Amino acid sequence: MILLAQSMSIFDPASPPAESIRSLSVLVLAITGFIFIAVEGILVYSIVRFRRRAAAGTSLPPERAGESGRREIEPPQVYGSKPIEIAWTAAPALVVFVLVLVSARTLWEVNVPPPQPREGDNTLFVTVVGSQWWWEYTYDHYNGRALGFTTANELHIPAGEKGVPRPVFLTLRSADVCHSFGVPRLGGKTDLIPGRTNSMWFQTDRPGLHLGQCAEYCGTQHANMLIRVVVDSPSDFEAWLANERKPAVEHPDVRAGRSTFLGQSCVNCHRVRGTPARGDYAPDLTHLMSRKTLASGMVENTPENLRRWVADPRQIKPGCLMPAFGLGDRERDDIVRYLLTLR
Ligand code: CUA
């Protein structure tokens, strides 16, 4: 529940593409709301005004009187009206024309092709790979510098400041099935499609946490493929970058855990930079403890949850691809103690 405390409303945008989407939504809601009220209004009026009832002083031929024998009002019967025909053809055509124009303008604002990275551009480039059911983030460039490290599930980006925007361009790919990267307050949603590369961008001046969610059904744990975008102040972001770029630090007091970890099949899927663990199938664990959650936003990254996860991930996330490895308590605790040093 802590994870849902933040707003995910499209009506509270924090980035230019999200603002464009909000404006379009409000306009579409206003137009369709007006049409709804007009049509329903006429319908209700007609039901009331022309309902079946006895009428005083009207003369209907006896064969058109109601079953009760009472005479009834019948509205004047109209057989075709050119002005009305023209009006109800032209008005919807005009409405559709306006909606096409504003949608095209919004697409233009939201779909900005990524520029080439260059020095001093204050722009962050990240490649996002969606997998069942987590997100991999490879940091490509920031401010013209090549980065080239990989992390998972928590996307850190720098906040812009007055006069200094810090745009973020994401390159979106899928490792398996279709996913969709959806962070409502930053940039709507864009699909990640196998064999295809998509992109999206946003830029925000508001530090803090922005939540999102995979927005394309992708299997059992689709609903738990959560997105966390942490917007750091520029200096916090630089500090985070500096830490993430480093390989894992070797702590002498967790040697046992480290060798247990490296001796298990963990290394076939996970990477810990600076060690022989070079798997690239599962989340990069080099700085695991710098992330606030486990299992793509499902539970807090506490020692207790980490222990539960290592013992049997499917207790927390049924269907996830990491199985329980049948570790003994001691092996499990050693591994957890080692993981807790990956800051
Ligand atoms: Cu990934 Cu739904």
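To be clear, the structure that these remarks concern was listed above.
Parameters and conventions
- Sequence order as written defines residue numbering, which begins from 1 separately in each chain.
- Whole-chain, interface and lining totals are the exception, using all residues; otherwise, since this is a predicted model, local features are given only for residues with pLDDT of at least 70 and side-chain atom pairs are given and counted only at 80 or more.
- Hydrogens and water molecules were not included; the side-chain quantities draw on all heavy atoms of the structure.
- Put simply, DSSP H or I for four residues or longer makes a helix, DSSP E for two residues or longer makes a strand, and each gets a number counted from the N terminus.
- To get the radius of gyration, use the C-alpha atoms; to get the globule rule, take the number of residues to the power 0.38 and multiply by 2.2 Å.
- Relative accessible area decides the class of each residue, using a 1.4 Å probe on protein chains only: under 20% of the type maximum gives buried, over 50% gives exposed, and in between gives partly exposed.
- In this description, contact between two residues means that some pair of their heavy atoms is separated by no more than 4.5 Å.
- Residue exposure ignores everything except the shown protein chains as possible cover, and the areas themselves are Shrake-Rupley values with a 1.4 Å probe.
- In this charge count, Lys and Arg are treated as positive and Asp and Glu as negative; neither His nor the chain ends contribute.
- One atom stands in for each charge, and that atom is NZ of Lys, CZ of Arg, CG of Asp or CD of Glu.
- Strands are labelled as partners when DSSP assigns at least two bridges between them.
- Interaxial angles span 0 to 180 degrees and are taken between N-to-C directions of axes, which are lines fitted to C-alpha atoms, for helices over the stretch in contact.
- What counts as a disulfide here is a pair of cysteine sulfur atoms lying within 2.5 Å.
- Residues enter a nonpolar core if they are buried and are Ala, Val, Leu, Ile, Met, Phe, Trp, Tyr or Cys, with the set joined through side-chain atoms within 4.5 Å.
- Take the number of residues in a helix, subtract one, and multiply by 1.5 Å to get its expected span.

S.K.: Which parts of the structure should I look at to understand the overall build of the protein?
M.R.: Within the protein one finds nine helices and twelve strands. Taken over C-alpha atoms, the radius of gyration comes to 29 Å for the protein, far larger than the 20 Å a tight globule of 343 residues would show. Projected onto its principal axes, the C-alpha coordinates of the protein cover approximately 105 × 50 × 35 Å. Looking at the protein residue by residue over its 343 residues, the buried ones come to 41%. Here the contacts in the protein between residues at least 6 apart in sequence split such that 59% fall between residues at least 24 apart. Here the protein has roughly 18,800 Å² of accessible surface; of this, 59% comes from carbon and sulfur atoms. Here the protein contributes 37 positively and 34 negatively charged side chains, and the mean placements of these two sets differ by 3 Å.

S.K.: What should I look at first to understand the sheet that holds strand β1 (residues 124-131) in this one?
M.R.: Spatial strand order, β3-β2-β1-β5-β8: five strands in an open sheet with mixed pairing. Strands with a single pairing partner mark the edges of an open sheet, and in this sheet they are β3 (145-152) and β8 (198-202). Strand-to-strand twist of the sheet, defined as the mean angle between neighbouring strand axes without regard to direction, takes the value 20°. Where strand β5 (residues 168-174) meets β8, five bridges bridge the pair, whose relative direction is antiparallel. Each residue of the ladder has a partner; that of L172, found in β8, is N198.

S.K.: Can you help me understand the state of the cysteines in this one?
M.R.: Covalently bonding the sulfur atom of one cysteine to the sulfur atom of another cysteine gives a disulfide. Counted by the stated rule, this structure contains zero disulfides. For the unlinked cysteine C269, the closest cysteine sulfur is that of C266, found at 9.0 Å. Free of any disulfide, C320 has its nearest neighbouring cysteine sulfur in C269, separated by 11 Å.

S.K.: Just checking my understanding: could you explain the nonpolar core for this structure?
M.R.: Within soluble globular proteins, side chains that are nonpolar tend to cluster in buried spots. Of all hydrophobic cores here, the largest spans 32 residues; its most connected members are Y139, L155, L170 and F181. The biggest single contributor to this core is strand β2 (residues 134-142), with four residues. Setting aside anything within four residues of it in sequence, one finds L170 in contact with V126, V128, L155, F181, N198, S199, M200 and F202. Within the second largest apolar cluster, 23 residues are counted, among which are A277, M289, V299 and Y338.

S.K.: What exactly am I supposed to notice about helix α2 (residues 82-110) here?
M.R.: Think of an α-helix as 3.6 residues a turn; residues three or four steps apart then line up on the same face. An ideal rise of 1.5 Å per residue puts 42 Å on 29 residues; α2 measures up with 42 Å between its terminal C-alpha atoms. Where α2 is concerned, the buried positions are V102, T106 and V110. Turning to α2, the residues buried within the fold contact α1 (16-49) and β8.

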